[in-house]
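Inside the fold
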Amino acid sequence: MSVPTKTEMIAEGKAKKIYATTDPTKLIFYFKDDATAFNAQKKGTIESKGMLNQRISARFFTMLRGKGIDNHYVETLNDREMLVERLEIIPVETILRNLITGSCRKRLDREEGEEPAGPIIEFCYKSDELGDPLINDDHAIAFGWATEKELAEIRRQTLAVNAELKPFLAARGILLVDFKLEFGRTQDGSVLLGDEICPDTCRFWDIETRKKLDKDRFRQDLGEVSEAYLEIDRRTAQ
Ligand code: C5P
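Now for a description of the structure that goes with this document. All of these numbers come straight from a predicted model, not from anything done at the bench. (Residues numbered from 1 in each chain as written. Predicted model: local features only at pLDDT ≥ 70, side-chain atom pairs only at ≥ 80, totals over all residues. Heavy atoms only, no water.)

1. Observations regarding the environment of Lys215
Note the following rule: Where helices and strands are cited, they refer to DSSP runs of H or I of at least four residues and of E of at least two residues respectively, numbered from the N terminus. Burial status follows relative accessibility: with a 1.4 Å probe on protein chains alone, a residue under 20% of its type maximum counts as buried, one over 50% as exposed, and anything between as partly exposed. Between two residues, a contact is recorded if the distance between any of their heavy atoms is within 4.5 Å.
Relative to the helices and strands, Lys215 resides in the loop between β15 (202–206) and α5 (216–219). Taking relative accessible area as the criterion, Lys215 reaches 11% and is therefore assigned buried. Remark: the alpha-carbon pair of Lys215 and Val225, spanning 10 residues in sequence, is separated by 7.3 Å. Other than its neighbours up to four places away in sequence, Lys215 contacts Thr36, Pro199, Asp200 and Tyr229.

2. Describing the sheet that holds strand β10 (residues 120–125)
Defined as follows: In this analysis, strands are considered paired if DSSP registers two or more bridges between them.
Spatially, β11-β10-β9-β12-β15 is the arrangement adopted by the 5 strands of the open sheet, whose pairing is antiparallel. Either end of the sheet is taken by a strand with one partner, and the two such strands are β11 (134–135) and β15. When β10 meets β11, the two strands line up antiparallel, connected through 2 bridges. Paired with Cys124 across the bridge in β11 is Leu134.

3. Overview of the sheet that holds strand β7 (residues 81–85)
We apply this condition: Each axis is a line fitted through C-alpha atoms, taken for helices only over the stretch in contact, and angles between the N-to-C directions span 0 to 180 degrees.
Strand order in the open sheet formed by 5 strands is β1-β2-β3-β7-β6, and the pairing between neighbours is antiparallel. With partners counted over all chains shown, the strands left at the sheet margins are β1 (6–12) and β6 (73–78), one partner each. On average, adjacent strands in this sheet sit at an angle of 30 degrees to one another, irrespective of strand direction. With respect to the sheet, helix α1 (residues 49–66) is in contact with β3 (26–31), β6 and β7, its orientation differing from that of β6 by roughly 150 degrees.

4. Brief notes about the packing of α1 against helix α4 (residues 148–170)
To keep things clear, this is the line we draw: In a left-handed crossing the near helix is turned counterclockwise from the far helix by less than a right angle, and in a right-handed crossing that turn is clockwise. Side-chain classes are defined by residue name, with Ala, Val, Leu, Ile, Met, Phe, Trp, Tyr, Cys and Pro counting as nonpolar, Asp, Glu, Lys and Arg as charged, and the others, Gly among them, as polar.
At a minimum axis distance of 10 Å, the contact between α1 and α4 shows a crossing angle of 120 degrees. Note that α1 runs across α4; the crossing there is right-handed. On the side of α1, the interface is formed by Phe60, Met63 and Leu64, while α4 contributes Val161, Glu164, Leu165, Phe168 and Leu169. Considered class by class, the residues forming the contact of α1 with α4 number 7 nonpolar, no polar and 1 charged.

5. Points about the packing of aromatic side chains
Applied cut-off: Aromatic rings from Phe, Tyr and Trp, taking only the six-membered ring of Trp, are treated as a pair when their centres fall within 6.5 Å; an angle between ring planes under 30 degrees marks them as stacked, one over 60 as edge-to-face, and anything in between as tilted. Placement of a charge over a ring requires the Lys NZ or Arg CZ to be within 6 Å of the ring centre, with the centre-to-atom vector within 35 degrees of the ring normal.
Per the counting criterion, the structure on display carries 6 aromatic pairs. Between Phe61 and Tyr73 the ring centres are 6.3 Å apart and the planes differ by 15 degrees, which places this aromatic pair in the stacked class. Of this pair, Phe61 sits in helix α1 while Tyr73 is found in strand β6, placing the two residues 12 residues apart along the sequence. The burial state of Phe61 is the same as that of Tyr73; both residues are buried. Ring pairing ties together the aromatic residues Phe60, Phe168 and Phe204, which thus form one cluster. Over the face of the ring belonging to Tyr19 we find Lys6, whose NZ or CZ atom lies 4.6 Å from the ring centre. A cation over an aromatic ring shows up here: Arg172 above the ring of Phe168, its NZ or CZ 3.8 Å from the ring centre.

Set out below in structure tokens:
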């Protein structure tokens, strides 16, 4: 079958444009160089980010599928575009923390880089207006965002992603500090991993020096932002 082509743009997020295609079951993600932080209060561009995030996400999705973790990735169309399965978005974002930093460190006044006894999973409500606030299972169920069964499945898949991605990265000298995942429902109602997995949505530290190799370089004005994305691309290509 021929590759579906773009029709109308159905959404534009902070880092991506999403297009419907000639196949109603597929979407095209276009990865932009635009970067925002602190709920879009800080704006900028990161050179080559779109290209690198497409490539890194495609690589992680392919690796995860090979390990039995299915996801929405279908194929890469060009430098900045990937074809994905169309999903009904579940408005619950999942964060998994292997080390404590970012909003969790601030909220609970923990030590930077503290290693908790095990990975911590947090749920957030996907809402740009509200800044993706932290929620718990009861909010998600009571407000109809996800069922109890779906949340259990999201939790299971999030832990499975960590179990594969963490050692994959460690073998390449990268510490997987934390990451955010998004899920959706397929036509048959099952829960499928979607969105992107890249230096915009994960924290990566060099395993030896703990140098930040992710979007925190942009958030915190640390410089060498594109270089960090390029370094993650280079190390994960092997
Ligand atoms: O800021 P916080 O510590 O909550 O972020 C945890 C993880 O989730 C980080 O890897 C961050 O890049 C990611 N995240 C994201 N999108 C958001 C909030 C956080 O990808 N809206």
